[in-house]
Amino acid sequence: WQCGTDHAGIATQKVVEAALAKQGKRRSDITRDEFLAEAWKWKEHHHARIVEQMKQLGCAFDWRREAFTMDEPRSRAVREVFVRLYEKGLIYRGDYIVNWCPVDQTAISDEEVQHEERESKLYWIRYPSPHGDVVVATTRPETMLGDTGVAVSPDDGAKRHLVGKSCTLPIIGRELPIVADAAVQKEFGSGFVKVTPAHDPVDYGIGKRHQLATVVVIDRTGKMTAQAGADFAGLDRFEARVKVVERLEKDGLIVKIEPHRHAVGKHDRCGTVIEPLLSTQWFVKMAPLAEPAVRVVEREEITFYPERWRNVYMSWMTNIRDWCISRQLWWGHRIPVWYCDDCDHLTVARTDPTRCAGCGGGKIRQDEDVLDTWFSSWLWTFSPLGWPDQTSPDLKRYHPTSVLVTGSEIIFFWVARMIMASLEFMREVPFRHVFLTGIVRDGIGRKMSKSLGNSPDPLDIIDTWGTDAFRFTLSMLSPPGKDVFFEEAKLELGRNFGNKMWQASRLILGALEKEGTPLFNPGASGDLATTLAFKPEFAWEDRWILSALSRCASETNRCFEEWRLNEGTARIYDFFWHDFCDWYLELAKVRLYGEGDKRTVLAVMVHVLGESLKLLHPLMPYITEEIASALPTSNGKLLLEQVYPLGDESALDAEAEGRMTVLRDVVTSVRNVRAAYRVNPGQKIPVRVRAQEPKAALVREASDGIVRLAGVATLEVGPDVAKEKGSAATPIGDIEVVIPLAGVVDVEAERARLTREREKVDAELAQVASKLANEGFVAKAKPEVVERERARRARLETELSKLVESLALLG
């Protein structure tokens, strides 16, 4: 499991600049080297915290192999990749519309832009023309100051006569040619589209195709430039929007303004509205890299879980755009390109040159920008294994890797790019499987963030709840690919389960201490056949628990192999808590604390506990290792070093399972009656089971357990047992459990009590239902309040059902 961290270029730069701001400094007040020294200090401090989190979470890394995207071997790999792609013509420098963040002062890739639906306005503006009405519709009137053309669809017959003619740009007075271009949708707005090549990617393409000029009217800080005109220069872009509209209204050129909802792009790091900006940047040509990455998924050399993400991946890869890889930052891998002041030659090199590769002159300077963080992360499957040294033993042994586990939100940032990089530089896939988890959100579904204050530190949670409870709960509550709504209170699930394991283990270890190690230790070698060799000595419940253990192991493995980790976790939980603790251990206590040889029952208990700990170890590493170390079957080895239980068909025992099913059904039905009518726990009650043979024989064979676990005074079994009036009768398949209530409870008093409780629940349920039927309440109340009322309704409905059933049993 390859461990390491990336350098988080933009995020780290932001926090270091924020720290400088507290000292009254800006980045420009210090040198680049001084800034990088501060960034490395911050990295070391927070890296230590991250590593401590991972260690306490029980991540089983080989920490000697830890890598960092800006350490020396990774930096060497990054340079090698850049040079190779440049030499192959897949990296180029050019002018293009980029996503510019005015706050972070850097270009970002398309995948770093989050689109948010917002209520806005659509402005209809008249551009004067002697050839007929030209009305454009735009959501960004401030950009019109940079218009250099107007476009119509070539399919729009009503406007075809205007193509080749011109109109006048309001406010500025610039003459704009009218062109026809397939990028225009004639259904949008008026069918006329203003063309601003310097501030829109679609417009940039139109401008290129029709040789339109580019006029930059918004600068890198989000303010209007001198080319926007003296009345607007220096204004913030959103302030300029207001001023432009006021000016247009004054000139009588606003046709109408209407509400309009549309998606606005924001920087995923800081939330700033992105400004499309014409800029000189470095790009990677993605289409040649994407083609083989599409083929390997089509051939199922790489599989996605859940499978729906395969379609998302394929859609993005087949419509991929070039990747802008340069960032206007100081923290990161500096672009390995040097410019010559004498001859303008570009020197691209693996090591820092001292002279120009073109003219040999010494007046060279390195590009100021750094590479996108993902440019180093996309090499992750092979750069930590020794690449570019193709003879590296680790590279030969471990590549391709087996599985990538990551979040679906970075399927484009990381997953797709790692596939492309590995195919390009290793000529093989980087991994065979991609398992995409959901996102852990807060209790009301918000993404966790420090700004919202809803993002707890894992170390704080571990201090309160423990690692095992944390891991187990998240594993059990995480359906494949679906987000998890997390609240700390949910960790009681894992903590209570850990307590159950501890108590069961104390029972068994206490018995071992008292009785001594059993004469034989079933499965001590991990071989179930050793255990089954003693089958003649087993009671039926021993055979049942070994059968149930084998089923649990095989079903758990199947769940894990099919990436249903939550179901596998739930399967182990159900086996250990219910099968082992609630049923087997309770039955075993009769033999354990009674007279006679205890070696068999004790040996089975130790074996099942040991195998259960192995099954649970990936989920709860600390408590399982602690308990296992005290068992005589440990042989001084960690669970981590032992074979994971797979299940064995030879352990399955249908006869014992059938007997246990009957015992459970009868005991559960008796317990339900006792609870419904509030029978004193210590009071023994008569029980009759109406059953035909051979089912009746199974009940008789399990009678000792039924009597003990259900608090039974007398047990009658047969097809003709009495069923007088006032009995609670519970049908279970082809048997019926009958409990005479006379002498056990006061029937009339119970009927009156249950009737009162039913009326109370009925009234409460009607009140909740009325509240939830009120559309105003559902729309205006906080989501957590509505959810609480829905949960209350579900609880009351369950209560009512039980009360109705209990009253029915009374006749």
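You'll find the structure just up there.
Basis of the calculations
Residues numbered from 1 in each chain as written. Predicted model: local features only at pLDDT ≥ 70, side-chain atom pairs only at ≥ 80, totals over all residues. Heavy atoms only, no water. Axes fitted to C-alpha atoms, helices over the stretch in contact; angles between N-to-C directions. Helix = DSSP H or I, 4+ residues; strand = E, 2+ residues; numbered from the N terminus. Parallel < 35°, antiparallel > 145°, perpendicular 65-115°, else oblique. Left-handed = near helix turned anticlockwise from the far one by under 90°. Contact = heavy atoms within 4.5 Å. Nonpolar A, V, L, I, M, F, W, Y, C, P; charged D, E, K, R; others polar. Core = buried A, V, L, I, M, F, W, Y, C linked by side-chain atoms within 4.5 Å. Buried < 20%, exposed > 50% of the residue type's maximum accessible area, 1.4 Å probe, protein only. Pairing = 2+ DSSP bridges. Expected span 1.5 Å × (residues − 1). Salt bridge = Lys/Arg side-chain N within 4 Å of Asp/Glu carboxyl O. Phe/Tyr/Trp six-rings, centres within 6.5 Å; stacked < 30°, edge-to-face > 60°.

Regarding the packing of helix 16 (residues 565-592) against helix 17 (residues 599-616)
Point 1. Running from amino to carboxyl end, helix 16 crosses helix 17 at an angle of 165°, the nearest separation of the two axes being 11 Å. Taken as axis vectors, helix 16 and helix 17 run roughly antiparallel relative to one another. The element helix 16 and its partner helix 17 pack so that their crossing is left-handed. On helix 17, the residues touching Ile-572, Phe-575, Phe-576, Phe-580, Tyr-584, Leu-585, Ala-588, Arg-591 and Leu-592 of helix 16 are Thr-600, Val-601, Leu-602, Val-604, Met-605, Val-608, Leu-609, Ser-612, Leu-615 and Leu-616.
Point 2. Taken together, the residues of the contact of helix 16 with helix 17 sort by class into 16 nonpolar, two polar and one charged.

Comments concerning the nonpolar core
Point 1. Core analysis: the largest hydrophobic core is formed by 90 residues, its most contacted members being Phe-580, Tyr-584 and Leu-663.
Point 2. Ignoring anything within four residues of it in the chain, the contact list for Phe-580 reads Ile-508, Ile-545, Phe-575, Leu-585, Met-605, Val-608 and Leu-609.
Point 3. One finds Val-294, Ile-302, Leu-385 and Phe-431 within the second-largest nonpolar core, a separate group that totals 60 residues.

Focus: the sheet that holds strand 21 (residues 431-437)
Point 1. As summarised here, the arrangement of the three strands in space is 13-21-20, forming an open sheet in which the pairing is parallel. If you trace the sheet from one side to the other, it starts and ends with strand 13 (303-305) and strand 20 (401-407), each paired once. For this sheet the average axis-to-axis angle between neighbouring strands, irrespective of direction, equals 20°.
Point 2. Pairing of strand 13 with strand 21 involves three bridges; the strand directions are parallel. From the neighbouring strand, Tyr-305 faces strand 21, where its bridge partner is Phe-435.

Observations regarding helix 10 (residues 411-425)
Point 1. Counted at 1.5 Å a residue, the expected span for helix 10 with its 15 residues is 21 Å, and the 20 Å between its end C-alpha atoms agrees.
Point 2. Judged by how many residues are buried, helix 10 sits mostly within the fold: 14 of 15 residues are covered.
Point 3. Positioned one or two residues after helix 10, Arg-427 has a phi angle of 60°, which is positive.

What about the pattern of salt bridges?
Point 1. Here the structure, examined in full by the defined rule, presents 61 salt bridges.
Point 2. Residues joined by salt bridges that share partners form a network here, namely Arg-140, Glu-142, Arg-237, Arg-241 and Glu-275.

As for the packing of aromatic side chains
Point 1. Throughout the structure, instances matching the rule amount to 31 aromatic pairs.
Point 2. Ring centres of Trp-323 and Phe-375 lie 5.9 Å apart, and the angle between their planes is 45°; this geometry places the pair in the tilted category. Of this pair, Trp-323 sits in strand 14 (residues 323-324) while Phe-375 sits in helix 8 (residues 374-377), and the two are 52 residues apart along the sequence.
Point 3. Between Trp-323 and Trp-378, the ring centres sit 5.1 Å apart and the planes meet at 85°, which makes this aromatic pair edge-to-face. Taken together, the residues Trp-323 in strand 14 and Trp-378 in the loop between helix 8 and helix 9 (393-398) connect sequence positions 55 residues apart.
Point 4. For Trp-378, a relative accessible area of 0% gives the class buried.

As for the environment of Gly-271
Point 1. By the secondary structure assignment, Gly-271 is in the loop between strand 11 (254-267) and strand 12 (275-284).
Point 2. A sequence separation of 168 residues divides Gly-271 from Val-103, and the C-alpha atoms of the two residues are 9.4 Å apart.

Considerations on the sheet that holds strand 16 (residues 337-340)
Point 1. Here we have three strands laid out as an open sheet, ordered 17-16-18, and antiparallel in their pairing. Bordering the open sheet on either side are strand 17 (346-348) and strand 18 (364-366), each of which pairs with just one other strand. Within the sheet, the average angular offset between the axes of one strand and its neighbour, ignoring direction, is 30°.
Point 2. Across three bridges, strand 16 lies against strand 18 in antiparallel orientation. The residue bridging Cys-340 from the neighbouring strand is Ile-364, located in strand 18.
Point 3. On top of the sheet, helix 3 (residues 72-87) reaches strand 16, strand 17 and strand 18; it is set at about 130° to strand 17, its chief contact.

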